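Chain by chain, the residues:
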Amino acid sequence: MAKTQRTIRYDWNDVVYFLEVARQRSLVRAAAKLKVDHTTVSRRVRELERSLNSTLFKRSKSGFTLTEIGMRLLQYAEGMESQANSIVEAIGTDTADAGGAVRIAAMEGIGSFYLTRCIADFNRIYPSIQIELITDTRLLDLSRREADIFVSFFRPQGKRLSIKKVGEFKISLYAADAYFRGRSPPTTVKELETHAFIDFIEDYIYSKENRWLSDVLRPPHTIFRSTSLVAQSIAVSAGQGIAMLPSYVAFGNAELIPVMPELFTTRDIWLSVHEDLLHVARIKAVVTFLEKRVESDRAFLNTVQNQRRRRKRSG
């Protein structure tokens, strides 16, 4: 005899609302994504909790966070979403039609100066996929779905993560013409040690991969420190001192010129995604795009950007 099929005791359409609240951590933002009223989202989530006889979210002033049961359900819910997207792919529909939000976490510098440019090109190809870029000084946990994709300079740790090194970039010394007014540009390491430098604040460096100035020099005089690479690049452009900056930061900044370009270091670029998201169409589209983009930008990412030489050529 065939086994009696168990009756599903919840409305699986409610899972869509659960997923969006888990990602947005807000009823209002989830409602905006789903194009419904926030009271509808609240009602559907409460109905799912009632049907499953479980509390899926902790509610607080800061928003909705998943409970342990909610975390377990999230894995199955994303699997359901992945299977639903597979139906679209199976009948030949382009992944561009699989819209929705994708949250990328990255360190501030590479996020602001490099990924933002990449995202602009991505959106022209996939206009229905919305990118949310988080640049944070703390490490986000992909296992707890604080982000969908993590771009980092180090190989992250975590359960069930798909981790891949996709490229690397060069970090070199730069200063502005304004800094060298009344000063001679250094030509040796000994001369370099007499200059003023800009660097990160040691107490707030959470990853040793951000300690790149010490790879080439331990200067006795640091005039300005900041946790922000954006702030450091502005300080260098204003003529405050010399700093180690990645190639993608120096690119396009006409104020910056390389200082002793033979002194440099490199960092890897790692792309991480939770295994449960690998087959989600919009996630796959972003991952594939970024892998190809970093590969095509290999020369750019590993070249000391010489603005002075470029201006001479253009003149």
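Keep in mind the model is a prediction, meaning the values are calculated, not measured.

### Here we look at the overall build of the protein chain
Reasoning step 1: A tally of helices and strands in the protein chain yields 11 helices and 11 strands.
Reasoning step 2: Split into buried and exposed, the 315 residues of the protein chain put 50% on the buried side.
Reasoning step 3: Put simply, 76% of the contacts in the protein chain that link residues at least 6 apart link residues at least 24 apart.
Reasoning step 4: A total accessible area of about 16800 Å² is found for the protein chain, and carbon and sulfur atoms account for 51% of it.

### Some points on the packing of helix α5 (residues 108-125) against helix α9 (residues 281-296)
Reasoning step 1: Remark: α5 packs on α9, axes separated minimally by 11 Å, with the N-to-C direction vectors making an angle of 125°. Comparing the axis directions of α5 and α9 gives the class oblique. When the axes of α5 and α9 are compared, the crossing they make is right-handed. Contacts between α5 and α9 pair Tyr114, Leu115, Arg117, Cys118, Asp121, Phe122 and Ile125 from the former with Ala285, Val286, Phe289, Leu290, Arg293 and Val294 from the latter.
Reasoning step 2: Looking at the contact of α5 with α9 residue by residue, the classes come out as 10 nonpolar, no polar and 3 charged.

### Observations concerning the nonpolar core
Reasoning step 1: Counting 68 residues, the largest nonpolar core has Ile104, Ile149, Leu173, Leu192, Tyr248 and Val286 as its most contacted members.
Reasoning step 2: Leave out the neighbours within four places in its chain, and Ile104 touches Leu115, Ile131, Glu132, Leu133, Ile134, Ile149, Val151, Val286 and Leu290.
Reasoning step 3: Counting residues in each nonpolar core, the second largest holds 20 residues, with Leu19, Val21, Leu56 and Met71 among its members.

### Comments concerning the pairing of strand β9 (residues 242-246)
Along a regular strand, successive side chains alternate from one face of the sheet to the other.
Reasoning step 1: Across the 5 residues of β9, 5 count as buried, placing the element largely inside the fold.
Reasoning step 2: What you see with β9 is no split at all: Ile242, Met244 and Pro246 on one side and Ala243 and Leu245 on the other are buried throughout.
Reasoning step 3: Here strand β6 (residues 161-176) runs beside β9; their pairing, made up of 4 bridges, is antiparallel. Across the sheet, residue Ile171 finds its bridge partner in β9, namely Pro246.

### A word on helix α7 (residues 229-237)
Reasoning step 1: Along α7, the residues classified as buried are Leu229, Gln232, Ser233, Ala235, Val236 and Ser237.
Reasoning step 2: Where α7 begins, the capping side chain belongs to Ser228, and its oxygen is found 3.2 Å from the backbone nitrogen of Val230.
Reasoning step 3: One or two steps after α7, the chain reaches Gly239, where phi turns positive at roughly 90°.

### Observations regarding the pairing of β6
Reasoning step 1: Relative to strand β11 (residues 264-274), β6 is paired through 11 bridges, and the arrangement is antiparallel. By the bridge assignment, Lys164 is partnered in β11 with Leu271.
Reasoning step 2: Relative to strand β10 (residues 256-258), β6 runs antiparallel, the two being bridged by 3 bridges. Paired with Ala176 across the strands is Leu256, a residue of β10.

Parameters at a glance
- Residues numbered from 1 in each chain as written.
- Predicted model: local features only at pLDDT ≥ 70, side-chain atom pairs only at ≥ 80, totals over all residues.
- Heavy atoms only, no water.
- Helix = DSSP H or I, 4+ residues; strand = E, 2+ residues; numbered from the N terminus.
- Buried < 20%, exposed > 50% of the residue type's maximum accessible area, 1.4 Å probe, protein only.
- Contact = heavy atoms within 4.5 Å.
- Areas by Shrake-Rupley, 256 points an atom, 1.4 Å probe, with all protein chains shown as cover.
- Axes fitted to C-alpha atoms, helices over the stretch in contact; angles between N-to-C directions.
- Parallel < 35°, antiparallel > 145°, perpendicular 65-115°, else oblique.
- Left-handed = near helix turned anticlockwise from the far one by under 90°.
- Nonpolar A, V, L, I, M, F, W, Y, C, P; charged D, E, K, R; others polar.
- Core = buried A, V, L, I, M, F, W, Y, C linked by side-chain atoms within 4.5 Å.
- Pairing = 2+ DSSP bridges.
- Polar contact = N/O pair within 3.5 Å; in protein donor to acceptor, adjacent residues only side chain to side chain.

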